[in-house]
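# Coordinate inspection notes
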Amino acid sequence: MDQKRPIGIFDSGMGGLTVMAAIRRRLPNESLVYLGDTARLPYGTKSAGTVTRYAAQAAGALGRFDIKLLVVACNTASAAALPTLRESLAPLPVIGVIEPGAAAAVAMVPGGPIGVIATEGTVKGGAYVRAIQALSPAIPVVQQAAPLFVGLAEEGLTHGVIADAVAHRYLEPLLATLPKPRGLVLGCTHFPVLKQTIAKVAGPDVVLIDSAETAAAAVEEVLSARGLCNRGPAAAPQFLATDAPGRFADLGEIFLGEPIDPGAVTLVDL
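Quick look at the structure, then. (Residues numbered from 1 in each chain as written. Predicted model: local features only at pLDDT ≥ 70, side-chain atom pairs only at ≥ 80, totals over all residues. Heavy atoms only, no water.)

### Some thoughts on the overall build of the protein
When its secondary structure is counted, the protein shows 11 helices and 10 strands. Seen through its principal axes, the protein has C-alpha atoms that stretch 50 × 35 × 35 Å. Per-residue burial for the protein yields a buried fraction of 54% across its 270 residues. Pairs at least 24 apart in sequence give 76% of the contacts found in the protein among residues at least 6 apart. Entry remark: accessible area of the protein is about 11300 Å², with carbon and sulfur atoms responsible for 56%. Side chains of the protein give 21 positive and 23 negative charges; the mean places of these two sets differ by 5 Å. (Helix = DSSP H or I, 4+ residues; strand = E, 2+ residues; numbered from the N terminus. Buried < 20%, exposed > 50% of the residue type's maximum accessible area, 1.4 Å probe, protein only. Contact = heavy atoms within 4.5 Å. Areas by Shrake-Rupley, 256 points an atom, 1.4 Å probe, with all protein chains shown as cover. Lys, Arg positive; Asp, Glu negative; His and termini not counted. Charge placed at Lys NZ, Arg CZ, Asp CG, Glu CD.)

### Considering the packing of helix H4 (residues 98-108) against helix H10 (residues 211-225)
Between H4 and H10, whose axes approach to 8 Å, the crossing angle comes to 100 degrees. In terms of their interaxial angle, H4 and H10 are classed as roughly perpendicular. Where H4 approaches H10, its residues Pro100, Gly101 and Ala104 are matched on the opposing element by Thr214, Ala215 and Ala218. Here the contact of H4 with H10 is composed, by residue class, of four nonpolar, two polar and no charged. (Axes fitted to C-alpha atoms, helices over the stretch in contact; angles between N-to-C directions. Parallel < 35°, antiparallel > 145°, perpendicular 65-115°, else oblique. Nonpolar A, V, L, I, M, F, W, Y, C, P; charged D, E, K, R; others polar.)

### Remarks on the layout of surface pockets
Space inside the largest pocket adds up to approximately 450 Å³. As for the largest pocket, its lining consists of 24 residues, of which Ser12, Pro42, Thr119, Val150 and His190 are closest to the centre. Listing elements by their share of the lining of the largest pocket, those giving two or more residues are helix H3 (75-89), helix H5 (120-125) and helix H7 (148-155). Per element, the largest residue contribution to the lining of the largest pocket is three residues, and it comes from H5. Looking at the lining of the largest pocket residue by residue, the class counts come to eight nonpolar, 13 polar and three charged. (1 Å grid on protein atoms, 1.4 Å probe; cavity = no way out; pocket = protein on both sides within 12 Å on 5 of 7 lines; lining within 4 Å. Points joined across faces, edges and corners; volume = space filled by probe spheres on them.)

### Thoughts on the pattern of salt bridges
For the coordinates displayed, the defined rule picks out 11 salt bridges. Two residues, Glu258 and Arg24, come together in a salt bridge whose shortest N-O distance is 3.2 Å. Here Arg24 lies in helix H1 (residues 17-26) and Glu258 lies in the loop between helix H11 (245-256) and strand E10 (265-267), a separation of 234 residues in the sequence. Each of Asp2, Arg5 and Asp66 takes part in one network of salt bridges that share partners. (Salt bridge = Lys/Arg side-chain N within 4 Å of Asp/Glu carboxyl O.)

### Focus on the pairing of strand E2 (residues 32-36)
The element E2 is extensively covered by neighbouring structure, given that five of its five residues are classed as buried. Taking every second residue as pointing to the same face, both faces of E2 are buried, with Leu32, Tyr34 and Gly36 on one and Val33 and Leu35 on the other. For the segment spanning strand E1 (residues 7-11), H1 and E2, crossover handedness is right-handed. Pairing of E2 with strand E9 (residues 238-241), which is carried by four bridges, proceeds in the parallel orientation. (Right-handed = clockwise from strand over helix to strand, strands pointing away. Pairing = 2+ DSSP bridges.)

### Some points on the pairing of E9
Side chains on a regular strand alternate between the two faces of the sheet. Judged from the three bridges that link them, E9 and E10 form a sheet pairing that is parallel. Looking at the pairing, Ala241 lines up with Leu267 of E10. For the handedness criterion, the β-α-β arrangement of E9, H11 and E10 is classed as right-handed.

### Structural notes on the nonpolar core
Formed by 78 residues in total, the largest nonpolar core has its most connected members in Leu17, Ile23 and Phe149. For this core, the element with the most residues is helix H8 (residues 161-175), which contributes seven residues. Setting aside chain neighbours within four positions, we find Ile23 in contact with Ile7, Ile9, Pro28, Leu32, Val71, Ala216 and Val219. (Core = buried A, V, L, I, M, F, W, Y, C linked by side-chain atoms within 4.5 Å.)

### With respect to the environment of Leu92
Within the secondary structure layout, Leu92 lies in the loop between H3 and strand E4 (94-95). Exposure remark for Leu92: the relative accessible area of 17% places this residue in the buried category. Once you skip the residues sitting within four places of it in the chain, Leu92 turns out to touch Ile67, Lys68, Leu69 and Leu70.

### Examining the sheet that holds strand E6 (residues 141-145)
Spatially, E6-E5-E7-E8 is the arrangement adopted by the four strands of the open sheet, whose pairing is parallel. The sheet is open, and its two edges are formed by E6 and strand E8 (207-210), each paired on a single side. Direction aside, the axes of adjacent strands within the sheet are offset by 25 degrees on average. The sheet strands contacting helix H9 (residues 195-202) are strand E5 (114-118), strand E7 (183-186) and E8, and the helix crosses E8 at an angle near 155 degrees.

So, in structure tokens, the structure goes:
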């Protein structure tokens, strides 16, 4: 039956596993297939045309699993490729991470101001600013690139002196903006593993908007609306990687929040 078909999720690497983890927490009965395009990461340094081509290839690989919904768990690919994927894959529902994050930010911090931390590519592209202001044009949005957060996440340095110092370096200028942002969008799928450190530095009066959690909420909403929620048990998660499956399993544990059996990661060629 349609309800038993898996959800497909892809990212350029391991960061999208935070989205997978959020979906598993919210929808424990859903079967999931994750593809990390580890041979070609990062997407943030590539042109929009190249990212769109890579995204279409990843979607095609996941399509072979007869997925019922596709999650683009990558901010760069969400900004560059979502319209193309939705058109080419229709009627398959396709969800990115930017639109749900922007909608949640506007709902949680009506009137703003809203801060966005993301990679340099996402900040320069301005996708979150456009998405937030498309919903509420008057909301002030300030951005801060936080590229070192990606390296900290992949090294597992999510707490402690180093993580605190980097968080202060990035967040203090952003939070010194007047008027001070009342909400902060974690605009990279790597950043949720640093959420506790970011919250500590940002302070209790700043609401954090976790793009992994908001994407998972959007998945639940779409499945419910289309009558596609699985009521039976989920199959074991499946993992695909385009390079170094052993490294994928080792680093992926940081983002998924639980060990990944290296034998469960299949090497694929897109």
